[in-house]
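Coordinate inspection notes
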Amino acid sequence: MKIIVIDNLTDIAVKGSAPRIALGADSALLRHNEPLFVDEDYRMRQSVIAPAVRIGRLGTHIPLKFAEKYIDAHTLFHLYMPPPGMDRSLWGASDRSFSPGLWLDGNIKAENTVDVCRRKLDQDCLESGTFTLDIDPEHVAAAVAAISNYATLKTGDVFVFTNPALSSEIDRNLQLGVSINSINVLDFRIK
């Protein structure tokens, strides 16, 4: 299984640019809603909520017109990563970098309502907000087709898109709850 993190989604789809990716190790993936234990350098990282899709079948050199058929599910991921401007070269291999949400059938929609609630353990929300996360499903399909020209995509491979995404500072002793289009997909502790 590969975790493919893409930060230039629009450039791939509109300009035909080469994909800029980071590869995540499967050992960096937490189980769904497993607590995230942060290290002593956690203030040098940020909390990012990013859309993701999962590949449902084997494919290589996938034509753009068929790429969406290779996507079988979507969700939101929580990424524990360095902020922009800092060295991101190896963060995808770091343990605890990726927290997957509950997988929902099909490709992601163009407009998504994302609700986020950050709260201290066993308390009401400290911060909450509702955001619109716009992502073009055709751009997602273009990314899948582009990457399939470089690597064989296998069932279970995951694409995570860090632009667009929601980011904030990370802190210990929080419970983070996230829903997409009123479906709760993430609810885990940061310790």
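Residues numbered from 1 in each chain as written. Predicted model: local features only at pLDDT ≥ 70, side-chain atom pairs only at ≥ 80, totals over all residues. Heavy atoms only, no water.

**Some thoughts on the overall build of the protein**
- A count of helical and extended segments in the protein gives three helices and 12 strands.
- When its C-alpha atoms are laid out on the principal axes, the protein stretches across 50 × 35 × 25 Å.
- Residue burial in the protein is summarised as follows: out of 191 residues, 46% are buried.
- Nonlocal contacts in the protein, meaning residues at least 24 apart in sequence, comprise 73% of its contacts between residues at least 6 apart. (Helix = DSSP H or I, 4+ residues; strand = E, 2+ residues; numbered from the N terminus. Buried < 20%, exposed > 50% of the residue type's maximum accessible area, 1.4 Å probe, protein only. Contact = heavy atoms within 4.5 Å.)

**Looking at the nonpolar core**
- Counting 42 residues, the largest nonpolar core has F159 and F161 as the members making the most contacts within it.
- By residue number, the principal contributor to this core is helix 3 (residues 137-148), which donates seven residues.
- Dropping the residues within four chain positions of it, F159 is found in contact with I4, I6, P51, A52, V53, I55, A143, V144, I147 and L153.
- Residues V5, A52, W91 and F98 belong to the second largest nonpolar core, which totals 13 residues. (Core = buried A, V, L, I, M, F, W, Y, C linked by side-chain atoms within 4.5 Å.)

**Points about the pattern of salt bridges**
- In total, this model carries five salt bridges according to the counting rule given.
- One salt bridge connects R172 with E40, and the closest N-O pair in it is separated by 3.4 Å. With R172 in the loop between strand 10 (166-169) and strand 11 (174-180) and E40 in the loop between strand 2 (21-24) and strand 3 (46-55), this residue pair connects regions lying 132 residues apart in the sequence.
- Taking the relative accessible area as the measure of exposure, E40 reaches 65% and is therefore exposed. (Salt bridge = Lys/Arg side-chain N within 4 Å of Asp/Glu carboxyl O.)

**Thoughts on the environment of L30**
- Along the chain, L30 turns up in the loop between strand 2 and strand 3.
- Residue L30 is classed as buried on the basis of its relative accessible area, which comes to 10%.
- Spatially, the C-alpha atoms of L30 and S97 are 7.8 Å apart, while their sequence positions differ by 67 residues.
- Those residues in contact with L30 that sit more than four places away from it in its chain are P35, L36, R96, F98, S99 and P100.

**Describing the packing of aromatic side chains**
- Across all of its chains, the model carries three aromatic pairs by this definition.
- Ring centres of F77 and F98 lie 6.5 Å apart, and the angle between their planes is 70°; this geometry places the pair in the edge-to-face category. Residue F77 is located in strand 4 (residues 71-81), and its partner F98 is located in strand 5 (residues 98-100); the two are separated by 21 residues in the primary sequence.
- Relative accessible area serves as the criterion here: at 0%, F98 is assigned to the buried category. (Phe/Tyr/Trp six-rings, centres within 6.5 Å; stacked < 30°, edge-to-face > 60°.)

**Topic: helix 3**
- The end-to-end C-alpha distance of helix 3 is 17 Å, a good match for the 16 Å that 12 residues give at a rise of 1.5 Å each.
- Judged by how many residues are buried, helix 3 sits mostly within the fold: 11 of 12 residues are covered.
- Listed in full, the buried residues belonging to helix 3 are P137, H139, V140, A141, A142, A143, V144, A145, A146, I147 and S148. (Expected span 1.5 Å × (residues − 1).)

**Comments concerning the pairing of strand 9 (residues 158-161)**
- The alternating pattern of strand 9 places V158 and V160 and F159 and F161 on opposite faces, both of which are buried.
- As judged from the four bridges shared by strand 1 (residues 3-6) and strand 9, these two strands associate in the parallel manner. Bridging from a neighbouring strand, I4 pairs with F159 of strand 9.
- With three bridges joining them, strand 3 and strand 9 adopt antiparallel strand pairing. Bridge pairing in strand 9 links A52 to V160. (Pairing = 2+ DSSP bridges.)

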